[in-house]
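# Architecture at a glance
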Amino acid sequence: MVWFLSPFKQKAIDLASKAAQEDKAGNYEEALQLYQHAVQYFLHVVKYEAQGDKAKQSIRAKCTEYLDRAEKLKEYLKKREKKPQKPVKEGQPAPADEKGYAPQSESQ
């Protein structure tokens, strides 16, 4: 018997794998998107392609795992957005931007 993966199942696995890589690398926005897309593909497989209850149950368990992680990432990203940047104290130079350029004050 030749065993193969459907295109949807393979795509779901690829997305989940890429999500885990991005998650591990600290690219949380990208990981969140990838986890969500992987779950969409897995749910398609459960609905239209999965053979047998054991296979469906296994896929659903993975979906739950991915959704839990996605939810944690979403909460983390929301908290990170809300953190106010530390204001610069008066009389101190402003921090440099990404390229190393500090804004010029008006008195210079």
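Use the structure listed above.
In short, a report on the structure.

Reading the values: rules and limits
Counting restarts for each chain: residues are numbered from 1 in the order of the written sequence. Since the coordinates come from a predicted model, pLDDT governs what is reported: local features require at least 70, and pairs of side-chain atoms require 80 or more to be given and counted, while whole-chain, interface and lining totals use all residues. For side-chain calculations, the full set of non-hydrogen atoms in the structure is used, while hydrogens and water are omitted. An axis is simply a line fitted to the C-alpha atoms; with a helix, the fit covers only the stretch in contact. Between two such axes, the angle follows the N-to-C directions and lies from 0 to 180 degrees. Numbering of helices and strands starts at the N terminus; helices are DSSP runs of H or I of at least 4 residues and strands are runs of E of at least 2. When an angle is under 35 degrees it counts as roughly parallel; over 145 it counts as roughly antiparallel; between 65 and 115 it counts as roughly perpendicular; any other value is oblique. Crossing handedness follows the turn of the near helix against the far one: under a right angle anticlockwise gives a left-handed crossing, and clockwise gives a right-handed one. Each residue gets one of three labels, nonpolar for Ala, Val, Leu, Ile, Met, Phe, Trp, Tyr, Cys and Pro, charged for Asp, Glu, Lys and Arg, and polar for the others, Gly among them. When checking whether two residues touch, look at their non-hydrogen atoms; a contact exists if any pair is within 4.5 Å. Salt-bridge detection follows one rule: a side-chain nitrogen of Lys or Arg within 4 Å of a carboxyl oxygen of Asp or Glu. Burial classes: relative accessible area under 20% of the type maximum marks a residue as buried, over 50% as exposed, and values in between as partly exposed (1.4 Å probe, protein chains only). Take the buried Ala, Val, Leu, Ile, Met, Phe, Trp, Tyr and Cys residues and link them wherever side-chain atoms come within 4.5 Å; each set so joined is a nonpolar core.

Across the interface, helix α2 (residues 28-48) lies against helix α3 (residues 53-82) with an axial gap of 9 Å and an inter-helix angle of 155 degrees. As judged from the angle between their axes, α2 and α3 are roughly antiparallel. Judged by the sense of rotation from one axis to the other, the crossing of α2 with α3 is left-handed. Residues belonging to the contact of α2 with α3 are distributed by class as follows: 17 nonpolar, 1 polar and 6 charged.

The contact between helix α1 (residues 7-25) and α2 brings their axes to 8 Å, and the two run at 160 degrees. By the criterion of interaxial angle, the relationship of α1 to α2 is roughly antiparallel. Relative to α2, the crossing made by α1 is left-handed. Side by side, α1 and α2 meet where F8, K9, K11, A12, I13, L15, A16, K18, A19, A20, E22 and D23 of the first sit next to Y28, E30, A31, L34, Y35, H37, A38, Y41, F42, H44 and V45 of the second. Of the residues contributing to the contact of α1 with α2, the split by class is 15 nonpolar, 2 polar and 6 charged.

If you walk through the whole model with that rule in mind, you get 4 salt bridges. The residue R69 makes a salt bridge to D23 at a minimum N-O spacing of 2.7 Å. Separated by 46 residues along the polypeptide, R69 in helix α3 and D23 in helix α1 bring together distant segments of the chain. Judged by relative accessible area, R69 falls into the partly exposed class, the value being 31%. Residue classification places D23 among the buried positions, given a relative accessible area of 10%. For the salt bridge of E29 with R80, the shortest nitrogen-to-oxygen distance reads 2.5 Å.

Among the nonpolar cores identified, the biggest contains 20 residues, and Y35, F42, I59 and Y66 are the most heavily contacted of them. When residues of this core are traced back to their parent elements, those giving at least two are α1, α2 and α3. Top element by residues in this core is α2. It accounts for 9 residues. Leave out the neighbours within four places in its chain, and F42 touches A12, I13, A16, I59, C63 and Y66.

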